[in-house]
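Inside the fold
Here are the chains, one letter per residue:
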Amino acid sequence: MVDIKKIDSLFAEDARKKELTKQENSITRHTKRVNRAKLILPSFAAVLIAMLLIFPSIKNDEKSFLFDVTLPKKGELEKLHIEKTVLNITDKKNRVNNFTADNIDETEPGSKLIKLKNPDGVMPTSDFDWLNIKSPTGFYNQKDNTLTLTDNVEIYYSQGMSVNVPDILYDFKTNIAKSDHPVKAQGEAGDLTSESFEMNTDTGVITFKGKTFIKLREDSLKGMK
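Report follows, based on the coordinates.

How each quantity is defined
- Chains are numbered independently. Their residues run from 1 in the order of the written sequence.
- Two thresholds apply to this predicted model, a pLDDT of at least 70 for residue-level local features and 80 or more for giving and counting side-chain atom pairs, whereas whole-chain, interface and lining totals are computed over all residues.
- Side-chain numbers come from the whole structure's heavy atoms, not from hydrogens or water.
- Every case where a carboxyl oxygen of Asp or Glu lies within 4 Å of a side-chain nitrogen of Lys or Arg is listed as a salt bridge.
- Under the scheme used here, helices are H or I runs from DSSP no shorter than 4 residues and strands are E runs no shorter than 2 residues, and both carry numbers assigned from the N terminus.
- Partly exposed residues are those whose accessible area sits between 20% and 50% of the maximum for their type, while under 20% is buried and over 50% is exposed, using a 1.4 Å probe and protein chains only.
- Without a salt bridge and with relative accessible area above 30%, a residue can belong to a patch; like charges are then joined within 9 Å and nonpolar side chains (Val, Leu, Ile, Met, Phe, Trp, Tyr) within 5 Å.
- The Shrake-Rupley method, run with a 1.4 Å probe sphere, supplies the accessible areas, and residue values consider only the shown protein chains as cover.
- Pairing of aromatic rings covers Phe, Tyr and Trp, the last counted by its six-membered ring, and requires centre-to-centre distances within 6.5 Å; plane angles under 30 degrees mean stacked, over 60 mean edge-to-face, and any other angle means tilted.
- By this definition, two strands are paired if DSSP reports at least two bridges between them.
- Only buried residues count toward a nonpolar core. Its members are Ala, Val, Leu, Ile, Met, Phe, Trp, Tyr and Cys residues joined through side-chain atoms within 4.5 Å.
- A contact between two residues is defined here by any heavy atoms of the two lying within 4.5 Å.
- Only four residue types enter the charge count: Lys and Arg as positive, Asp and Glu as negative, with His and the chain ends excluded.
- N or O atoms closer than or at 3.5 Å make up a polar contact, with two conditions inside protein: a donor-capable atom paired with an acceptor-capable one, and, for residues adjacent in sequence, both atoms drawn from side chains.

With that settled, consider the pattern of salt bridges. If you walk through the whole model with that rule in mind, you get eight salt bridges. Between K93 and D202 there is a salt bridge; the shortest N-O distance is 3.7 Å. On the criterion of sequence distance, the pair formed by K93 in the loop between strand 1 (81-90) and strand 2 (96-106) and D202 in the loop between strand 13 (190-200) and strand 14 (205-216) is long-range, its members being 109 residues apart. Residue class for K93 comes out partly exposed when judged on its relative accessible area of 47%. Residue D202 is joined to R95 by a salt bridge in which the shortest nitrogen-to-oxygen separation is 3.1 Å. Of this pair, D202 sits in the loop between strand 13 and strand 14 while R95 sits in the loop between strand 1 and strand 2, and the two are 107 residues apart along the sequence.

Right, here's the structure in full:
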């Protein structure tokens, strides 16, 4: 005969084992959660403390989060803008004057008046001679075919003379450069200051106007009668 009590005890033992397994699994999951919390909570606390420290400065300096964006004004998108380029200008003798510039910008849409940043050019004055001329700022008028350089113009003449003048106007129709402001020149023969000057690049003649002072070097007088 089958002992029913023994069968019942076997089922009861299996039930206890299952219950113990469930409890062990529950304890393991709980332990994992506790360990994970131990790792996460300090990090979260550190982040929270950092936010509390930063937030007052954020609140006090709201402008630091504003983007410095300058929207284009009306008509600006229609203007000519070129960076790092070469501007070729032809004079009345069809000689090409080459100018490099950091930026070329049309001052107003359709105005034909172009602003040059750091223009630096080579201008032929004859088959053998040339001028190197540069300044921080320049304006080229396409209608009049004139170039105005400002903010301390530096000129070097291939025959060995350098000129400094606050500004200069060059007319490509007449090939005449001039300035009505004080000019300083240095050459092999000596130094010169004048109230104004004019240069004709066709003839190579430079005319100094107003009060002019010339200081000759002693070496330049040797050999002269």
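To continue, consider a nonpolar patch on the surface. On the surface, V122, W130 and Y156 cluster together into a nonpolar patch covering about 270 Å² of accessible area. Along the chain, the position of V122 falls in strand 4 (residues 120-124). Residue classification places V122 among the partly exposed positions, given a relative accessible area of 41%.

Let us now look at the packing of aromatic side chains. Summed over the entire model, instances satisfying the criterion amount to four aromatic pairs. A centroid spacing of 4.7 Å and a plane angle of 65° characterise the contact between Y170 and F172, whose relative ring orientation is edge-to-face. With relative accessibility at 1%, the residue F172 sits in the buried group. Summarising the aromatic geometry, the rings of F197 and F208 are spaced 6.4 Å apart at their centres and angled 35° between planes, so their arrangement reads as tilted. One end of the pair, F197, is in strand 13; the other, F208, is in strand 14, with eleven residues separating them in the sequence.

Once that is clear, we can look at the pairing of strand 5 (residues 130-134). Along any regular strand, the residues point their side chains to alternate faces of the sheet. Covered by surrounding structure in strand 5 are L131 and I133 only, the residues W130, N132 and K134 on the alternate face being uncovered. Bridging between strand 4 and strand 5 involves five bridges; their strand directions are antiparallel. Paired with G121 across the bridge in strand 5 is I133. Count of turn residues in the strand 4/strand 5 antiparallel hairpin: five residues. The sheet contact formed by strand 5 and strand 8 (residues 153-157) spans four bridges and is antiparallel. Residue pairing in the sheet places N132 in a bridge with Y156 of strand 8.

This next bit is on the nonpolar core. In a soluble, globular protein the nonpolar side chains are often hidden away together inside. Of all hydrophobic cores here, the largest spans 28 residues; its most connected members are F99, I133, I155, I168 and F172. Once residues within four sequence positions are removed from consideration, F172 is found in contact with I89, T90, D91, K92, N97, F99, M123, Y140, N145, T146 and L147.

To continue, consider the pairing of strand 7 (residues 146-150). Within strand 7, four of the five residues are buried, which leaves the element mostly enclosed by the surrounding structure. As judged from the five bridges shared by strand 6 (residues 137-141) and strand 7, these two strands associate in the antiparallel manner. Among the inter-strand pairings, Y140 is bridged to a residue of strand 7, identified as L147. Relative to strand 10 (residues 168-171), strand 7 runs antiparallel, the two being bridged by four bridges. For T146, the partnering residue across the bridge sits in strand 10 and is D171.

Turning our attention to the side chain of E106. Assignment of secondary structure puts E106 in strand 2. Salt bridges are absent for the buried E106, whose nearest opposite-charge side chain, K112, sits at 5.4 Å.

So, on to the side chain of R95. Given the relative accessible area of 15%, R95 is considered buried. In terms of polar contacts, R95 uses its side chain to reach the side chain of D202, at 3.1 Å. Residues in contact with R95, not counting those within four places in the same chain, are I89, T90, P124, T125, S126, N175, T201 and D202.

What follows concerns unusual backbone geometry. In this model, N94 sits at a positive phi of 60°, which is unusual for a non-glycine residue. Looking at the secondary structure, you find N94 in the loop between strand 1 and strand 2. Not every positive phi belongs to a glycine, and N145 is a case in point at roughly 55°. For N145, the position within the fold is in the loop between strand 6 and strand 7. For N145, a relative accessible area of 16% translates into the label buried.

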